[in-house]
Amino acid sequence: MTYHLGVDLGTTYTAAAIAQDGRAEAVTLGTRSVSVPSVVHLAGDRIVVGEPAARRATTDPAGVVREFKRRVGDPTPILVGGAPVAAELLMARTLAWVVEQVSATEGGLPASLAVTHPANWGRYKLDLLDQAARHVGLTVDRYVPEPVAAATTYAVQRALPPGLSEQQVAGSDS
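About the cut-offs
- In this numbering scheme, every chain counts its residues from 1 along its sequence in written order.
- Where totals are concerned, whole chains, interfaces and linings use all residues; where local detail is concerned, this predicted model gives features only for residues with pLDDT of at least 70, and gives and counts side-chain atom pairs only at 80 or more.
- For the side-chain quantities, the full set of heavy atoms in the structure was used; hydrogens and water were omitted.
- Starting at the N terminus, helices and strands are each numbered in turn, a helix being any DSSP run of H or I of at least four residues and a strand any DSSP run of E of at least two.
- Multiply 1.5 Å by the residue count of a helix minus one, and that product is the helix's expected span.
- Only protein chains enter the calculation, and the probe is 1.4 Å; a residue is then buried if its accessible area is under 20% of its type maximum, exposed if over 50%, and partly exposed in between.
- We call two residues in contact when some of their heavy atoms are within 4.5 Å.
- The term polar contact refers here to a pair of N or O atoms within 3.5 Å; inside protein, the definition further demands a hydrogen-donor-capable atom paired with an acceptor-capable atom, and it admits residues adjacent in sequence only when both atoms are side-chain atoms.
- A carboxyl oxygen of Asp or Glu within 4 Å of a side-chain nitrogen of Lys or Arg is what we treat as a salt bridge.

**Some details on helix H3 (residues 123–135)**
The terminal C-alpha atoms of H3, which comprises 13 residues, lie 18 Å apart, in line with the 18 Å expected from a rise of 1.5 Å per residue. Those residues of H3 that fall on the buried side of the exposure criterion are Leu 126, Leu 128, Leu 129, Asp 130, Ala 132 and Ala 133. Where the residues of H3 are buried, they touch helix H2 (87–106), strand S10 (112–117) and strand S11 (142–145). One or two residues past the end of H3 sits Gly 137, with phi positive at roughly 90°.

Structure below.
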């Protein structure tokens with residue numbers, strides 16, 4: 001069955017959702033949760049993501065990387081196990097891991113792929129991430145600023161009458 005995949009590659013946590021038949025739902029990543037820590041362990045070409053990667057910090061701290069999203073666009077690579085790796089490539093490999101996990105559950109690749117990004121990212125950082133995604137065999141169909149993704153989720157989960165002002169929405173949670 002055709003589905004579309006959205007991935008939030010967060011600084012701290014990574015999450016994904018699929019959309020099909022007019023519905024969207026979060027996807028379980030890893031073993032139990034809809035989000036996994038944005039932590040990567042690299043050993044050669046092998047990548048481990050999430051809790052298992054975080055646990056490897058005790059036995060192989062040089063191979064574990066956290067918060068690499070903050071370094072996208074930084075000309076100085078991150079040393080992982082003594083080898084230099086660009087932050088955007090770490091993000092792309094994490095994205096490839098998410099696509100692999102979801103594809104295994106859904107029985108095939110998504111029809112389209114959307115990825116969130118910080119609102120302050122300009123064309124340069126988006127191009128770096130896009131090139132890195134292509135390097136790992138992925139095509140990102142749409143990049144969505146994180147605040148737009150959050151507002152869309154809020155609007156979908158909560159019926160808002162037309163013409164409601166921002167102040168009225170903000171005051172409704174009090």
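**Some details on the side chain of His 41**
Here His 41 is to be found in strand S5 (residues 39–43). Within the local environment of His 41, its side chain forms a polar contact with the side chain of Asp 60, the two groups lying 2.8 Å apart. Once residues within four sequence positions are removed from consideration, His 41 is found in contact with Arg 46, Ile 47, Val 48, Ala 53, Arg 56, Asp 60, Gly 63 and Val 64.

**Side note on the pattern of salt bridges**
One pass over the full model with this rule turns up six salt bridges. A salt bridge links Glu 67 to Arg 70, with the nearest nitrogen and oxygen atoms 3.2 Å apart. Under the relative-accessibility criterion, Glu 67 is labelled partly exposed at 40%. With relative accessibility at 59%, the residue Arg 70 sits in the exposed group. A salt bridge links Lys 69 to Glu 146; its shortest N-O distance comes to 2.4 Å.

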